[in-house]
Amino acid sequence: LAKAYAEFEADTAKEAARWTAELKKSATQLVSKAYPNPKAALTAILKSPVRVPGHADRDAHRHPLETLTFFGIKQNMAVIEMGAGEGWYTEILGAFLAKAGKFFVVSADPNGPADSGRTLYGKRTHAILAKSPELFGKAAPVVVNPPDSLSLGADGSVDMVLAIREMHNWHRRKMVAAYLKSIHNVLKPGGVLGVVAHRAVAGTNADDTAPKGYLPEQWLIETIEAAGFKLAAKSEINANPKDTKDYADGVWTLPPNYAAGETDKAKYTAIGESDRMTLRFVKVAAPAAK
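Throughout, a residue's number is its position along its own chain's written sequence, starting from 1. Only residues with pLDDT of at least 70 are given local features in this predicted model, and only at 80 or more are side-chain atom pairs given and counted; all residues enter the totals for whole chains, interfaces and linings. Only hydrogens and water are set aside; all other atoms, that is, all heavy atoms of the structure, feed into the side-chain values.

Chemist: Go over the nonpolar core, please, and point to the residues and values.
Modeler: With 39 residues, the main nonpolar core has Leu68, Ile73, Ile92, Leu135, Met160 and Leu162 as its most contacted residues. Among the elements that make up this core, the one with the highest residue count is helix 6 (residues 88-97) (seven residues). Residues within four places of Leu68 in sequence aside, it is in contact with Leu42, Ile73, Tyr89, Ile92, Leu93 and Leu162. Counting 34 residues, the second-largest nonpolar core is a separate cluster that includes Ala78, Ile80, Ile221 and Ile224. Residues belong to a common nonpolar core when they are buried Ala, Val, Leu, Ile, Met, Phe, Trp, Tyr or Cys residues joined through side-chain atoms within 4.5 Å. Type-normalised accessible area, obtained with a 1.4 Å probe on protein chains alone, sets the label of each residue: buried when under 20%, exposed when over 50%, and partly exposed for intermediate values. Put simply, DSSP marks the helices as runs of H or I at least four residues long and the strands as runs of E at least two long, and each gets a number from the N terminus on. In what follows, a contact means two residues having at least one pair of non-hydrogen atoms within 4.5 Å.

Following this line, the structure appears as structure tokens:
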């Protein structure tokens, strides 16, 4: 954990130094421009220097333009991102929603116990949002402490919730039902839940695959629909048939994590990022009583 804190502090300092007056000006121009449609706005953001160096290298694997337009995102929406991670999608969403929308990012408490990895995660999320008022001036963290506190905001207050490569972690912590209930509560009627998840081999058991980062598609669809949602559409935008899903270190064996280090790195680079399902759900009803 001490090493992780040191890396976080070094990365934060490096990123702060990158935000020169010139870059701040570019960010202001980027978010203030009127774009004819969401695709045009996203295209401009993806080409912009506001993105952390190296993040654009993942576009060919993660297809952010296609993924976000598939979910139906618009600049004037209120959107929740269920966890920023390293901020890969956060910087795109922050810029996209800065002018006319509302943007909320789920975070752990950055003022929690110093010996907790969740506290570090919270500090990282808050640092991402604090680095550029030009991009994130209207963004707000939503601090949760599951299972004790998992409210995402006022009932029926947002248009879209995005859970991108998150749900395997919820299942590992036995928190899928609790997260889905909170998402259902905060979404407006007809609101969208957009899910991207590492896809397990069909017919496997989520209890077995989640520790490796993967979830069975049919199980995931049925689980989300049982929580008061309806699958509206699914896409193979982020599919990767090269992913064999049988790695000792799970999905983290693949780029960009390379959990095995230099061992067979060229092989995993050739495979690319994981095979992922991309699912769009809408809120349709109250969850079924249990």
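Chemist: Before we move on, can you summarise the pattern of salt bridges with the specific residues and values?
Modeler: We count a salt bridge whenever a side-chain nitrogen from Lys or Arg sits within 4 Å of a carboxyl oxygen from Asp or Glu. Scanning the entire structure with this criterion turns up 16 salt bridges. Here Glu236 and Arg199 are joined by a salt bridge, their closest N and O atoms 2.9 Å apart. Placement of the pair is Glu236 in the loop between strand 6 (229-235) and helix 13 (265-271) and Arg199 in the loop between strand 5 (187-198) and helix 11 (206-209), with a sequence separation of 37 residues. Among the charged side chains, a salt-bridge network with shared partners connects Arg199, Glu217, Lys234, Glu236, Lys245 and Asp275.

Chemist: Any chance you could break down helix 3 (residues 38-46) for me, citing the residues and the numbers?
Modeler: Looking at helix 3, one finds that the buried residues are Ala41, Leu42, Ile45 and Leu46. Looking straight down helix 3, one finds that the buried residues subtend no more than 130 degrees of arc, so they occupy a single side. Along its buried surface, helix 3 packs onto helix 2 (21-32), helix 4 (59-62), helix 5 (64-71) and helix 6. A 3.5 Å cut-off defines polar contacts: any pair of N or O atoms within that distance qualifies, except that in protein one atom must be a possible hydrogen donor and the other a possible acceptor, and neighbouring residues in sequence count only when both atoms are side-chain atoms. N-cap assignment for helix 3: the residue whose side-chain oxygen lies 3.2 Å from the backbone N of Lys39 is Asn37. This arc describes the spread of directions from the helix axis toward the C-beta atoms.

Chemist: Break down the side chain of His168 for me, citing the residues and quoting the values.
Modeler: Along the polypeptide, His168 turns up in helix 9 (residues 167-172). Filtering out sequence-adjacent residues up to four positions away, His168 remains in contact with His198, Ala210, Gly213, Leu215 and Trp252.

Chemist: Break down the sheet that holds strand 4 (residues 158-164) for me, with residues and values.
Modeler: Strands were regarded as paired on the criterion that DSSP finds at least two bridges between them. Taken together, seven strands build an open sheet; the order of strands is 3-2-1-4-5-7-6 and the sheet is mixed. If you trace the sheet from one side to the other, it starts and ends with strand 3 (139-143) and strand 6, each paired once. With direction set aside, neighbouring strand axes in the sheet form an average angle of 20 degrees. Relative to strand 7 (residues 276-283), strand 5 runs antiparallel, the two sharing seven bridges. In the sheet register, Leu193 faces strand 7, and the bridge partner there is Phe281. Along the sheet, helix 6 contacts strand 1 (78-81), strand 2 (102-107) and strand 4; its crossing angle with strand 2, the most-contacted strand, is approximately 155 degrees. Structural elements are reduced to axes, namely lines fitted to C-alpha atoms, with helices fitted over the stretch in contact, and the angle between N-to-C directions of any two is expressed from 0 to 180 degrees.

Chemist: If you had to explain the environment of Lys99 to someone new, which residues and values would you point to?
Modeler: Inspection of the secondary structure puts Lys99 in the loop between helix 6 and strand 2. Classification of Lys99 as partly exposed rests on a relative accessible area of 49%. Residues Lys99 and Leu30, spaced 69 residues apart in sequence, show a C-alpha to C-alpha distance of 9.8 Å. Once residues within four sequence positions are removed from consideration, Lys99 is found in contact with Val31, Ser32, Lys33, Ala34 and Lys138.

Chemist: So what about the side chain of Asn238? Which residues, and what values?
Modeler: Along the chain, Asn238 falls in the loop between strand 6 and helix 13. Look past the residues within four positions of Asn238 in its chain and what remains in contact with it is His61, Arg62, His63, Thr67, Val196, Ser274, Asp275, Arg276 and Thr278.

Chemist: Go over the packing of helix 5 against helix 6, please, and point to the residues and values.
Modeler: Contact geometry of helix 5 with helix 6 gives a least axis separation of 12 Å together with a crossing angle of 60 degrees. It follows that helix 5 is oblique to helix 6 by the angle criterion. Taken as a pair, helix 5 and helix 6 cross one another with a handedness that is right-handed. Every residue of helix 6 that contacts helix 5 at Pro64, Thr67 and Leu68 is listed here: Trp88, Tyr89, Ile92 and Leu93. A class-by-class count of the residues in the contact of helix 5 with helix 6 yields six nonpolar, one polar and no charged. Oblique is the label for every angle not falling under 35 degrees (roughly parallel), over 145 degrees (roughly antiparallel), or within 65 to 115 degrees (roughly perpendicular). Two helices that cross are described as forming a left-handed crossing if the nearer one is turned anticlockwise from the farther one by less than a right angle, and a right-handed crossing if clockwise. Only Asp, Glu, Lys and Arg are considered charged in this grouping, and only Ala, Val, Leu, Ile, Met, Phe, Trp, Tyr, Cys and Pro are considered nonpolar; every other residue, Gly among them, is considered polar.

Take it as geometry only, folks, not as evidence of what the structure does.
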